[in-house]
Every structure is written in structure tokens, then in C-alpha cells.
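# Overview (structure and organization)
Now for the letters of each chain:
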Amino acid sequence: MSDPVGSVVDVVAETAPEIRGGLAGRRVYGSEENPSGERKLAADVYADDLLEERLLALDAVGSYASEERDAVVTADGGGALHVACDPLDGSSNLKSNNAMGTLFGVYDEPLPAPGSALIASGFVLFGPITTMVTARGGTVREWVLDDDRDLVDDDLRLPEEPMVYGFGGRVPRWTEAFADYVTEVEAELKLRYGGAMIGDVTQVLTYGGIFGYPGLRDRPEGKLRLLFEGHPIAHVVETAGGASSDGERSLLDIEPDRLHERTPLFVGDETYIERLESALG
Ligand code: AFP
């Protein structure tokens, strides 16, 4: 029986070792910037080109969009799935040899699409080992990607007891209301912030807690992209029993107007998300 969404997951899983294998020689910045005005690392371009080629080769995939490309790339075949990728999230961690990864979201509507059109999501984490997490059909699964793909958790759930927190952005640029909320949180949880959302959210999925990148005084929309980071990571965490927010509502309730729209982003323990929304309300 054909499994179009499964074919997308398979391509990401099969491409991940090649992405990881190509990182060492691609730690240099090119001259180009991505649509968000960030310098492109050679590794960003490499990962993006591999994923675009492989995913658009699938009959099921009608279009591909990524954080690295101005516009959506449409396939000739007219497939019903539309894939949005952050090919290398946390690529600035490559120079410091820290965690990073590949994010993907599978939509059943053309991009940019609302979070309600997300039918599968997931990420590959290039840490000490390579793991993949997927969310589809109401279940989150985790695999170790080595020579094979070994399922290590067939129903990954956010731990009941929160333990860690991590918030991005420079502290002087935080709003007063957010800074007051963090003062409460840091008295209760342990700080875990590594500069790559996938690594930091995996801390939250493993130990429980909250991750966020807030709207800032001079940049109320925050840094992270709704379609390429917000929607997929919110879909994973909410499917695992957690919650997400932009400070007011679930990230999955937001319908982007633009492909590269930014959003304040929070994911994790429902109670901490509720307290955040009260603090910012
Ligand atoms: P890069 O891909 O440029 O390294 O940015 C990573 C990221 O988009 C996200 O993965 C992190 O949570 C966040 O930015 C880190 O931002 P700061 O460098 O401002 O902490």
C-alpha cells in the first residue's frame, strides 16, 4: 500500500547521513544571504540542494520550500504534498562543533499554509549520535539513524515533571513582562540553551520543561520562522502531549501571510506555556 507521507520521511532519513557527512568541509560562509538576511553557510546550501532534489523527485511531493530559498519550488508532477524545510537549523553551531539538525513539515495545502494543514512533521538531530523524531497520526516516534534506522521510542511523550528551560535572544532586549516570567522560571528549572532549536527542544522532550525565542523590544516578531521552525516543532511537541504558543495562542493556529514570516516561539510543558501567556497577556 503506498504511503506518500512515509516516502517523505524515508527521503529525509536516507539523506541525513549524507548531510552529516558533508558538514566537516563546509564550515565556511558564502557571499549569499538567505531570505531572512542571514549569511548562508556552505553546509546550508549543500543540505538544501540535497533535500530539494530528493524530495521533488517523489511523485507525492508537489512543492518544496526552505528557509534558504526566496520562493517555493514547484514540481512538474503536481503531487499533493508540500514540504517546508529548515535544511540545517543551528548551522552557526557548526563552527563551534555543537548540535544542529534538519527540520521538516509536510502540508496538504500549498505553501505558505496554516498549521492546520500540517499532516506530518519531524527533525533529524546531528548530536553525538544522529536521531530522527517524527510526528504523524497522533504519535511521536524516535529513531537512531546509524547504518540502519532503529526505532527507539514508538510513543514519545513529554515528561510530566518539567526540569529544563532555554530562552533565546539577548536579555537586555527582552520585554519587562517576559523578563519577569523568566525570573520565576529560572528559580524552578535548570538552564539548557545551546543555540540550535532542535537540540534545545530535544532537551525539553527528554527532560521536560520549556524552550522559547521571545519577541524582543526592538523585534516584536522574534527571530524564528513560523513555517520552517514554528509549525513543525509545535506539531511535534503538541503531539507529544505538550503545548506551543506565540505568547497568545498555539503556533498551529497561526496562518502565515508570508513564506518567511517570523514569530515568537514557545514549546513545552502546558503549565509553563499557560503561565507564559498569562504573563504576556
Ligand atoms: P542559525 O541557524 O543561524 O544558527 O540560527 C539557529 C536558530 O534559528 C535556532 O535554531 C536557534 O534556536 C536560534 O536561531 C538561536 O538564535 P541565537 O543565536 O540568537 O541564540
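Residues numbered from 1 in each chain as written. Predicted model: local features only at pLDDT ≥ 70, side-chain atom pairs only at ≥ 80, totals over all residues. Heavy atoms only, no water.

## A closer look at the domain arrangement of the protein chain
- With domains assigned, the protein chain is organised as domain 1 (4–153) and domain 2 (164–280).
- Across the boundary between the two partners, domain 1 contributes 43 residues, which contact 29 residues of domain 2.
- Where domain 1 abuts domain 2, roughly 2,500 Å² becomes buried across the two surfaces, and 66% of that area is made up of carbon and sulfur atoms.
- Summed over the three residues of domain 1 that lose the most area to domain 2, namely L103, P112 and F123, the buried surface amounts to 20% of that side.
- Counting across the domain 1 and domain 2 interface gives two salt bridges. (Domains from an automatic or database assignment. Contact = heavy atoms within 4.5 Å. Buried area = accessible area lost by both parts, 1.4 Å probe. Salt bridge = Lys/Arg side-chain N within 4 Å of Asp/Glu carboxyl O.)

## Description of the pairing of strand β11 (residues 164–167)
- Residues of β11 alternate between two faces, with V164 and G166 on one and Y165 and F167 on the opposite face, all of them buried.
- Inspection of the sheet shows β11 paired to strand β13 (residues 209–213) by four bridges, in the parallel sense. Bridged to F167 within β13 is G212. (Buried < 20%, exposed > 50% of the residue type's maximum accessible area, 1.4 Å probe, protein only. Helix = DSSP H or I, 4+ residues; strand = E, 2+ residues; numbered from the N terminus. Pairing = 2+ DSSP bridges.)

## Comments concerning the site of the ligand
- The environment of the ligand is formed by 14 residues, the closest being D89, S92, Y193, M197 and Y213.
- Contact between the ligand and G90: an oxygen atom at 3.0 Å from a main-chain N or O atom of the residue.
- Contact distances for the ligand include 3.2 Å between an oxygen atom and a backbone N or O atom of S91.
- Here the ligand, which alone exposes 470 Å², has 81% of that area covered by the protein.
- For the shell around the ligand, the class distribution of residues is six nonpolar, four polar and four charged. (Near = heavy atom within 4 Å. Polar contact = N/O pair within 3.5 Å; in protein donor to acceptor, adjacent residues only side chain to side chain. Areas by Shrake-Rupley, 256 points an atom, 1.4 Å probe, with all protein chains shown as cover. Nonpolar A, V, L, I, M, F, W, Y, C, P; charged D, E, K, R; others polar.)

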